[in-house]
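Each chain, letter by letter, is given below.
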Amino acid sequence: MAWPGYRSGLSIDQLDREVVGAIAKPLSHAVQDPALVAGALREEMGVVLPAQAWRNQLPLGHPKRTGTFSALALHRPGLCLAPDDAPFAVPFAETYAADHVAAELHAGATIATTPGHVLAEECSVGRDNDLELARLAAQEFIARRAWAPAPRQPAAARREIYATIVLQGAHAKVSQIIDWLVNKYSALEDISGYWIIAANCKGSGVQVAAYARLALRLQDATGRPAVVSCVGDAHLALLASGVAATCAGLHGMSFTYPPADLPVREDGEEEGLGIFVYHRAVLGNVGKLGVVGEPARQAIFRNLPCPCRHHPADRPPEGKRQIISHNSWAVSADARELSTPAVAAAEAHLARRAQEAKRQRTFLRLSKLKSGFLAVPRAAAELRADDDPGDAGEHQR
């Protein structure tokens, strides 16, 4: 799934439709910038518009609660939501879940999501609240007969609803928490899949592998697809190891909660965020932002030209439009390479790519390759061995 960013200039026809089957945009962005959603619907792509219920947890007056979000049906003005404190009252939970589903569907979502919040504790009252909201949202989806095609969609394009699981990195690495979540979320009825959001993920191999375990175990237990977002560049390793989909794109590779205190526009969205340049040879971003990282960027594009055609092949992209177009092409090319072969072949190819990326990073004096690229395949292999000791390496997609 492509996360194209807010008014990034990226168009539907720039997306590699062989690997990108859906787009995802925060609901507050889609309301302000509906053109991309309309284009995706015309092209019969999936559309996910996460309403980001966690914004209701922020202090009153926080920029992320103002602007477009404050006008959405799921916004709860005057209330700083504290899901960890006590069970939600039934009338509140029913209305909240219904408003969440209605807002996403009204904006054109073909895959609705259930409300999800950032929890201070796991396997406790906060998670029980989110599970109850997921149950109620699924009931609302069915009651509305929302599986029927969205407007402007073909008759065969049924809509779906995914259960949102916002999981903090520090919690993800606890195996008992993963066990508990798999047990509880696999028992949900009328859910089509899972929308997993990594919150405050530091990108360590332990944490990224934990998100892979959660997704793969849910898929195995239910036969439903799982989508993982906000784990950084190592999301490619999840694709190689059989996770159904990842969500990646401009300013959508990580999620920090509480959100950073950044300048905002009148619509409540951040401005002035820098954009890194991605290069396939290093499986990630090239150097630091600004002039400090320029020597490394010049060197890698000179030595390993890029065929994306959005900029001169032997020079790095310059300016927002070139960088966004180049990054979209490069990440999609990697996703295609690692998601289309059988898992065993994809993981072997990733291992070769990772070894070369390490060499290039050392040569360019870049930071080390993210450890998730190696940790995820190991975790996936352990799961396969547990499921089928005699056939651990022949898993097909």
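To be clear, the structure that these remarks concern was listed above.
Residues numbered from 1 in each chain as written. Predicted model: local features only at pLDDT ≥ 70, side-chain atom pairs only at ≥ 80, totals over all residues. Heavy atoms only, no water.

Draft legend 1. The environment of Ala157, seen in detail. Here Ala157 lies in the loop between α4 (125-143) and β5 (160-168). Separated by 55 residues in the primary sequence, Ala157 and Ala102 have C-alpha atoms spaced 18 Å apart. (Helix = DSSP H or I, 4+ residues; strand = E, 2+ residues; numbered from the N terminus.)

Draft legend 2. Broad picture of the layout of surface pockets. What the second largest pocket holds in volume is close to 190 Å³. Looking at the second largest pocket, the residues that line it are Tyr278, His279, Arg280, Ala281, Pro305, Cys306, Pro307, His326, Trp329, Ala330, Arg353 and Glu356. Of all the secondary structure elements, the ones that give two or more residues to the lining of the second largest pocket are β9 (278-279), α10 (319-339) and α11 (343-364). It is α10 that provides the largest number of residues to the lining of the second largest pocket, a total of three residues. (1 Å grid on protein atoms, 1.4 Å probe; cavity = no way out; pocket = protein on both sides within 12 Å on 5 of 7 lines; lining within 4 Å. Points joined across faces, edges and corners; volume = space filled by probe spheres on them.)

Draft legend 3. Examining empty space enclosed by the protein more closely. Summed over the entire model, instances satisfying the criterion amount to two cavities of 30 Å³ or more. Of the voids in this model, the largest cavity is the one considered here, and its volume is about 70 Å³. As for the largest cavity, its lining consists of 14 residues, of which Gln52, Ala53, Gly116, Thr164 and Ile197 are closest to the centre. Of all elements in the fold, only β5 and β6 (193-199) reach the threshold of two or more residues within the lining of the largest cavity. Tallied by class, the residues present in the lining of the largest cavity amount to eight nonpolar, six polar and no charged. (Nonpolar A, V, L, I, M, F, W, Y, C, P; charged D, E, K, R; others polar.)

Draft legend 4. Region of interest: the packing of helix α7 (residues 205-222) against helix α12 (residues 372-387). Their axes nearest at 8 Å, the elements α7 and α12 cross at an angle of 35 degrees. As for the relative orientation of α7 and α12, their crossing is right-handed in sense. Residues Gly205, Val208, Ala209, Ala212, Arg213, Leu216, Arg217 and Asp220 of α7 pack against Gly372, Ala375, Val376, Ala379, Ala380, Glu382, Leu383 and Asp387 of α12. For the contact of α7 with α12, a count of residues per class yields nine nonpolar, two polar and five charged. (Axes fitted to C-alpha atoms, helices over the stretch in contact; angles between N-to-C directions. Left-handed = near helix turned anticlockwise from the far one by under 90°. Contact = heavy atoms within 4.5 Å.)

Draft legend 5. Expanded view of the packing of aromatic side chains. Under the counting rule described, the total for this entry stands at five aromatic pairs. Note on Trp54 and Phe255: the rings are 4.8 Å apart at their centroids and 45 degrees apart in plane angle, and the pair reads as tilted. Of this pair, Trp54 sits in the loop between β3 (46-48) and α3 (90-106) while Phe255 is found in the loop between β8 (245-249) and β9, placing the two residues 201 residues apart along the sequence. Phe255 gets classed as buried once you look at its relative accessible area, which sits at 12%. When the centroid spacing of 6.1 Å and the interplanar angle of 85 degrees are considered together, the rings of Trp54 and Tyr257 count as edge-to-face. Of the two residues, Trp54 is situated in the loop between β3 and α3 and Tyr257 in the loop between β8 and β9; the sequence distance between them amounts to 203 residues. Summarising the burial analysis for this pair, Trp54 and Tyr257 share the class buried. (Phe/Tyr/Trp six-rings, centres within 6.5 Å; stacked < 30°, edge-to-face > 60°. Buried < 20%, exposed > 50% of the residue type's maximum accessible area, 1.4 Å probe, protein only.)

Draft legend 6. Structural detail: the pattern of salt bridges. For the structure on display, the rule yields 18 salt bridges. Of the charged contacts, one joins Glu294 and Arg297 as a salt bridge, the two residues approaching to 2.9 Å between their closest N and O atoms. You can see Glu294 and its partner Arg297 sitting in helix α9 (residues 294-303), three residues apart, about one turn around the helix. Take Arg297: its relative accessible area is 9%, and that puts it in the buried class. Three or more residues are tied together by salt bridges with common partners; here these are Arg280, Asp334, Glu337 and Arg353. (Salt bridge = Lys/Arg side-chain N within 4 Å of Asp/Glu carboxyl O.)

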